[in-house]
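Working through the structure, step by step
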Amino acid sequence: SPTNFALKHPTERISYDNSGGHERLAGDPSKRAFTYLVLTGGRFIYAAGLRLLVLKFILSMQASKDVLALASLEVDLGGIEEGSTVTMKWRGKPVFIKHRTADEIAEADNVNIGELRDAEADDDRCLEKKWLVLIGVCTHLGCVPLSDAGDFGGWFCPCHGSHYDVSGRIRKGPAPLNMEVPEYKFLEEDKLLIG
Ligand code: FES
């Protein structure tokens, strides 16, 4: 047979495995796992880099530092006399701060809440009774109401004639809601932080 012939007449052109199988090592002779491990290390770096790029790009669309710096407003209440209203600018909108007199506080409380279009008690609209803080934007179409004007001693919107009372609540005219109260807190007795 050809096999017997080849065994009897070995030539240079045929190579024989004389190791008896000992060269086939047990386990993972090609070290595939090691290769994958190295590749995985690279992929960790790609993933981290990609995440960084995506986050950098998305966060670049967020509000910048100059905008955040104007996000809150500190107001010194010491200079605001009783009975007067000051207007401040906060986030591009006017904010009314009214130092209410005892009479005005009584007037704000002495209202039948059931009759109001936007029923809200005065206590729910201020932290301290003598300070009323409002966003000075009419809830009808966004005009700025006039302070200390109107039929209810509060504000009057000249655009279409909405009257607000001394708690900033809508009493007469087309506006659907009370003037909005911004988020604020007292830092000290006479210091207010809006925003
Ligand atoms: S915007 Fe104030 S009444 Fe219309």
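Each remark here, short or long, concerns the structure printed above.
Read on for an overview of the structure.

Calculation criteria
- Residues numbered from 1 in each chain as written.
- Predicted model: local features only at pLDDT ≥ 70, side-chain atom pairs only at ≥ 80, totals over all residues.
- Heavy atoms only, no water.
- Patch = residues over 30% accessible without salt bridge, like charges linked within 9 Å, V, L, I, M, F, W, Y side chains within 5 Å.
- Areas by Shrake-Rupley, 256 points an atom, 1.4 Å probe, with all protein chains shown as cover.
- Salt bridge = Lys/Arg side-chain N within 4 Å of Asp/Glu carboxyl O.
- Helix = DSSP H or I, 4+ residues; strand = E, 2+ residues; numbered from the N terminus.
- Buried < 20%, exposed > 50% of the residue type's maximum accessible area, 1.4 Å probe, protein only.
- Pairing = 2+ DSSP bridges.
- Axes fitted to C-alpha atoms, helices over the stretch in contact; angles between N-to-C directions.
- Contact = heavy atoms within 4.5 Å.
- Disulfide = S-S within 2.5 Å.

What follows covers a nonpolar patch on the surface. Together, Leu50, Val54, Leu55, Phe57, Ile58, Leu59 and Met61 line one region of the surface with nonpolar side chains, adding up to about 710 Å² of accessible area. Mapped onto the secondary structure, Met61 falls in the loop between α2 (32-59) and α3 (65-69). In this structure Met61 comes out as exposed when scored by relative accessible area, which is 59%.

We now examine unusual backbone geometry. With the exception of glycine, most residues fall at negative phi, and the peptide bonds are largely trans. Notably, Arg91 is not glycine yet its phi reads approximately 50 degrees, a positive angle. Looking at the element boundaries, Arg91 is found in the loop between β2 (85-90) and β3 (93-99). Even without glycine at this site, Asp148 takes up a positive phi of about 50 degrees. If you trace the backbone, Asp148 turns up in the loop between β5 (146-147) and β6 (153-157). The exposure class of Asp148 is partly exposed, given its relative accessible area of 47%.

Here we have three strands laid out as an open sheet, ordered β2-β3-β4, and antiparallel in their pairing. Across the chains shown, the open sheet's two edge strands, defined by having one partner strand only, are β2 and β4 (131-135). When strand polarity is set aside, the average angle formed by the axes of neighbouring strands in this sheet is 20 degrees. Pairing of β2 with β3, which is carried by six bridges, proceeds in the antiparallel orientation. Bridge assignment links Val86 to a residue of β3, and that residue is Ile97.

In this section: the environment of Val86. Relative to the elements of secondary structure, Val86 occurs in strand β2. Separated by 48 residues in sequence, Val86 and Leu134 have C-alpha atoms that sit 11 Å apart. Aside from chain neighbours lying at most four places away, what touches Val86 is Ile80, Val95, Phe96 and Ile97.

According to the stated counting rule, one finds one disulfide in the structure shown. The disulfide bridge from Cys143 ends at Cys159, spanning 1.8 Å between sulfur atoms. Of note, the bridge from Cys143 to Cys159 carries an S-S torsion of about -90 degrees and is left-handed in sense. One end of the pair, Cys143, is in the loop between β4 and β5; the other, Cys159, is in the loop between β6 and β7 (162-165), and 16 residues separate them in sequence. Accessibility expressed as a relative area gives 38% for Cys159, which makes it partly exposed.

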